[in-house]
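Structure assessment
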Amino acid sequence: MILWGKREKKLKEGRLQQVTCPECHSLTSMHYIVFGRYIDVFWIPTFPIGKKKIIECDKCTEQFFLKNLPQPIKAKFKTEVSTRHSIWSFSGLVAIISLISLLIFVVVKDDINDKNYINNPMIGDVYTIKLERKDRYTTMKITEITQDSIIVIYNIESTPRRAKIYSIDKAKNYMEFSKDRFSKQDIKDLYHEKFIYEVDRH
Ligand SMILES: [Zn+2]
């Protein structure tokens, strides 16, 4: 999958009158084209990375980059041609920054929620846990809470991908025979030790 790419877009074109061509030395007009250069991320036009200014002599048709032309032509170009990027060319960048901020907000909020859920457990909470020997994840669900203990049942399925945990978090996968008991302090410790990765409260 291609996540980003470079792109050029014609911003402007026109003519400079009464300039002297460094190639054929005629006093002539020159045709210019200004290209904006952009980086696109996920096909969203994201931000400008510069401009390319190409100028062609109307007499001898020689092409130049503006930066290679003599100072008088550069100065004339600068006073006559405005080549600002449109404000819209930054809109993709703004969208991406907003998206990243939102993502950070969601992740941080999720973490705060998890801590809160660990400290105040409820029946039905689902803990994502890592199986120690295998590189797989499974869940355990709280079925009972007493004065100082938490009783859970384990999920009999597991998945190699933490993001796929939702696909095994099904009622039919929790079996009564796989009960376990933890103290409330154990649960906090297991969360700090990252044996419990995540808490889901539906
Ligand atoms: Zn020329």
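Calculation rules
- Residues numbered from 1 in each chain as written.
- Predicted model: local features only at pLDDT ≥ 70, side-chain atom pairs only at ≥ 80, totals over all residues.
- Domains from an automatic or database assignment.
- Pairing = 2+ DSSP bridges.
- Helix = DSSP H or I, 4+ residues; strand = E, 2+ residues; numbered from the N terminus.
- Axes fitted to C-alpha atoms, helices over the stretch in contact; angles between N-to-C directions.
- Contact = placed C-beta atoms within 7 Å.

Focus on the domain arrangement of the protein
- Each domain of the protein was delimited in the assignment, giving domain 1 (4-96) and domain 2 (121-200).
- Put simply, the middle of domain 1 and the middle of domain 2, counted by C-alpha atoms, are 61 Å apart.

Looking at the pairing of strand β7 (residues 149-155)
- Pairing of strand β6 (residues 136-145) with β7 involves 5 bridges; the strand directions are antiparallel. In the strand pairing of β7, K141 is matched with I153.
- Adjacent in sequence and paired antiparallel, β6 and β7 are bridged by 3 residues.
- Of the strand pairs in this sheet, β7 and strand β8 (residues 174-183) are connected by 6 bridges, and their pairing is antiparallel. Among the inter-strand pairings, N155 is bridged to a residue of β8, identified as Y174.

Regarding the sheet that holds strand β9 (residues 196-200)
- What the 5 strands build is an open sheet, ordered β8-β7-β6-β5-β9; its pairing is antiparallel. The open sheet terminates on both sides in strands that have one partner only, identified here as β8 and β9. Averaged over all neighbouring strand pairs, the angle between strand axes comes to 35°, with direction disregarded.
- Two elements, strand β5 (residues 126-131) and β9, share 4 bridges in a ladder whose sense is antiparallel. Note that in β9 the partner of I129 across the bridge is I196.
- Relative to β8, helix α3 (residues 184-192) is tilted by about 95°, and along the sheet it contacts β7, β8 and β9.

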